[in-house]
Amino acid sequence: MERRRYLRLALTAAAMAASLGGLLWSTVAEGTEYYKHVDEVMASPEEWEGKALQLHGFVVPGSIFVKPGTLDYRFQVQNNGRVVDVTYRGIVPDTFTDRTEVVLRGRLTPQGFRADPNGVTTKCPSRYDPSRRAG
Amino acid sequence: MAALGSFLLLTSFVVGSYAAVAPLAGVRRRAPRFVESGIGAFHLITALMLAASIVMINAFMTNDYSVQYVAHYSERVQPLFYKITSYWGGLDGSIMFWVFLLSVFGSVAVHVNRERHRVLIPYVVSIIAAVEMFFIYLMIAHKNPFTTFLSASPPDGGGLTPQLQNFYMAIHPPSLYTGFVGMTIPYAFGMAALISGQLDDAWLRAVRRWTMVAWVALSIGLMLGMLWSYEDLGWGGYWAWDPVENAALLPWFTATAFLHSVMVQERRGMLRIWNVSLVIVTFFLTIYGTFLTRSGVVQSIHSFVEDPVLAWLFVVFMIAILVFSFGWVVYRLPLLRSRNELDSWTSREAAFLINNWILLFSAFFIAFGTIFPTLSEALTGARLTVGEAFYGKWMLPIGTLLLLLTGIGPLLAWRKSTLAALWRQLLLPALSGGTTAGALAALGMRQWNSLLCFALCAFVAGTIAQEFWRGANVRRRSTGTDIFTALVGLVARNKRRYGGYIVHLGVVLIFLGFAGRGFTRESDTAVPLGGQTAIGDFTIRNDGIKVTADEQKQMVTGEMAIFRQGKRIDTLYPARWFFRRHENEPVSQVAIRRSLGGDLYVALNILPADVGRQSAALQIFVNPLVDWIWCGFAVLIGGTGIALLPEGALTFAQSLSAAGHASTAEAKA
């Protein structure tokens, strides 16, 4: 009786562990994105082409262009002297402007970085942080 | 005045050390007056923190910019309301506010339980005082909110970040903090029981209500955070799996697990190690959450600046909590033996156990996802992040399973349910769920996730309705009253059980709202003056954009005419506000047309320079069923309120049952 109980318990536990493990494996494989700074990626761009990336950098002043009457954006993002061209279609966050610290989700192509829909996130420069407040 | 504030903090630290030690010494020496003096000191901390808070608020109200904290987070033109809420707008002040809330909670808990749990109180006082000392130490040694400028003070302050100048800022942090600090009370009682060895179930009774209070405060805090995000951030959603959101969700899961498993201990004397561990883990997670938010370890829009010193202080404190707490659990293992064994897997205790595993797994899964970027960077050097898709993939089946258990659990009897009895109980709810699924599929719904969710919502709603209906009918027959009085009497006789069912109903409604997310439509377009854009049934016409200003900000407001199937139904005014000296941080004022069927959500995206062209860049969402989430939370709060009602409440309906033998449990037997 006792042994059958333990066997059942062990089987249940094994089945649960196996199914959870399988699910974790499949989701981690396709669910993760590399979090990189612009200079890390642009040091050897070929390596990163096609991979899901979160790219961290600063908007180059004067580089933002919007095609009139559309939401097609082109801008440049830099970090430590390396620059990448970015294309994006959609609404940008409230705080998106020159020099904004941004995190872009998307993929690198030979023509530049293509940001996903809703893939532009800004870091609020002054959120709770008095030392970096402008003005 | 700032010197007075610093002095109050120092004094409260000293008084705290007395309150932490004196009660223990009193117990050892059997000197009740020593214990009493410790309790007195404990209440004194509360008074001192109240005084310090008054000094702080006074500094904000009188524009005392010699205090650095005030100068950073306030300015002269800031409305009085936001001057006061700036108290918890920054890191230093939020820690002080935290201690203040904890001291108030602690004093109330100690006062209420001073007679009933006389043996536990000295330990409770000592533990809460020790936790308070940690946070006061953080302020004194590292983040004193009363620090003044060494040089001349600035003529005006920097002003609270525009995004925080918002009504939710006044209520969201306090309710979340209340939930967080509230979890300290159950922990203190649990540890008191462990240390004193008084591990009968008396401590559970003291803890249950406090956990419920903290739990509902945490739920309200989460809801307000979701509402804030939804109404003000302009992205159309309410939950982004942001590390700080996750941090608040973690203790919510473990506290929910505890509120269920505590019933198993009360009824069957099982899960005793489990329960005390859940209380410890919940408390630990509140500290862990605070650590995540305040140390800058994870990157999030909420988090304060990176602060390695603070991070290390927290790490040391967290390790101390774990070693101390689980050390006592191990030491008391012989006293924590279970009094019963699980009889059958078709029993209510088994359902609770599974529910606990899933809730705990959710907590650890989310903790894992939250810390994953930091972890992967430490292990492999490459920072890998997990996105919404990853959480979605996991939490969708987990949520579905929990919802299913919400339905099945209450139908199972304690110890063992026979299959025949279970079948009788399941029939109607299953029919209601099946009919819903069939009808929706016939209507052409092909989003299987949402379809399943709707069906389960119907199933759970069916079980709840059935419980109320059967219980009320049994009671009506036995007491001879009308059905309504019988219903109230039923709830009054077993407030926790039926309050719990109402909470479940709230959860069902919340899930209904979640299921609507599968049908969200989004459109990002630039609409010229007089131009139109269509989304779903709606057509939106740009009738122009105008600029106005008040002394604090410039406001760019769009006038959007809304049509539905060709008929004009409404006008929406989405806007963007540009606060002076914060022009780079405009704040969206989203316009929402609410209805229970779904919201029309319009956010305006425009720079002042573009106003001349009168072209509006609009982000438009149609969010079906989203308002059910807020309704669900309201029901959940109401249900908890009923469960928390004092013994004597609703006697008018109870007094009719002098015989008092009506309850569904007996009706089932």
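Residues numbered from 1 in each chain as written. Chains lettered and ligands numbered in written order. Predicted model: local features only at pLDDT ≥ 70, side-chain atom pairs only at ≥ 80, totals over all residues.

> Even after reading the chapter, I still don't get the overall build of chain A, so can you show me in this structure?
When you go through chain A residue by residue, the secondary structure sums to three helices and seven strands. Scanning chain A from its N terminus toward the C terminus, one meets helices and strands in the order α-β-α-α-β-β-β-β-β-β. The buried share of chain A, taken over its 135 residues, is 29%. Considering only contacts within chain A whose residues lie at least 6 apart along the sequence, 46% involve residues at least 24 apart. (Helix = DSSP H or I, 4+ residues; strand = E, 2+ residues; numbered from the N terminus. Buried ≥ 20, exposed ≤ 12 C-beta atoms within 10 Å, placed from the backbone. Contact = placed C-beta atoms within 7 Å.)

> I would appreciate a short explanation of the domain arrangement of chain B in the present structure.
Accessible area lost upon the coming together of the parts serves often as the stated size of an interface. Each assigned domain of chain B is listed with its residue range as follows: domain 1 (1-165), domain 2 (418-518 + 629-668) and domain 3 (529-614). Taken over C-alpha atoms, the centre of domain 2 of chain B sits 42 Å from the centre of domain 3 of chain B. (Domains from an automatic or database assignment.)

> How should the pairing of strand S1 (residues 32-37) of chain A be read in this particular structure?
Pairing analysis gives four bridges linking S1(A) to strand S1 (residues 383-386) of chain B, with the strands arranged antiparallel. Considered in S1(B), the bridge of Tyr35(A) is made with Arg383(B). Direction of pairing for S1(A) relative to strand S2 (residues 52-59) of chain A: parallel, over a ladder of four bridges. If you follow His37(A) over to S2(A), its bridge partner there is His56(A). (Pairing = 2+ DSSP bridges.)

> Would you take a moment to explain the sheet that holds strand S10 (residues 598-605) of chain B for this structure?
Either a parallel or an antiparallel arrangement is found when strands of a sheet pair, and the pairing is made through backbone hydrogen bonds. Residue and element names in this part refer to chain B. One open sheet holds the four strands; their spatial order is S2-S11-S10-S9, and the pairing between them is antiparallel. The open sheet is flanked by strand S2 (521-527) and strand S9 (591-593), the only strands paired with a single partner. Neighbour-to-neighbour, the strand axes of the sheet open up by a mean angle of 15°, direction not taken into account. Inspection of the sheet shows S9 paired to S10 by three bridges, in the antiparallel sense. Pairing of Ala591 across the sheet is with Val602, part of S10. (Axes fitted to C-alpha atoms, helices over the stretch in contact; angles between N-to-C directions.)

> Which parts of the structure should I look at to understand the nonpolar core?
Taken as a class, soluble globular proteins show a tendency for nonpolar side chains to be buried jointly. One finds Trp98(B), Val124(B), Phe189(B), Ala192(B), Cys457(B) and Phe511(B) to be the most contacted residues of the largest nonpolar core, which totals 165 residues. Looking at this core, the element that brings in the most residues is helix H9 (residues 202-232) of chain B, giving 18 residues. Built from parts of two domains, this core gets at least three residues from each of domain 1 (1-165) and domain 2 (418-518 + 629-668) of chain B. Setting aside chain neighbours within four positions, we find Ala192(B) in contact with Leu120(B), Tyr123(B), Val124(B), Ile127(B) and Trp203(B). In this structure, Leu55(A), Val84(A), Leu108(A) and Ile545(B) belong to the second largest nonpolar core, which totals 46 residues. (Core = buried A, V, L, I, M, F, W, Y, C linked by C-beta atoms within 7 Å.)

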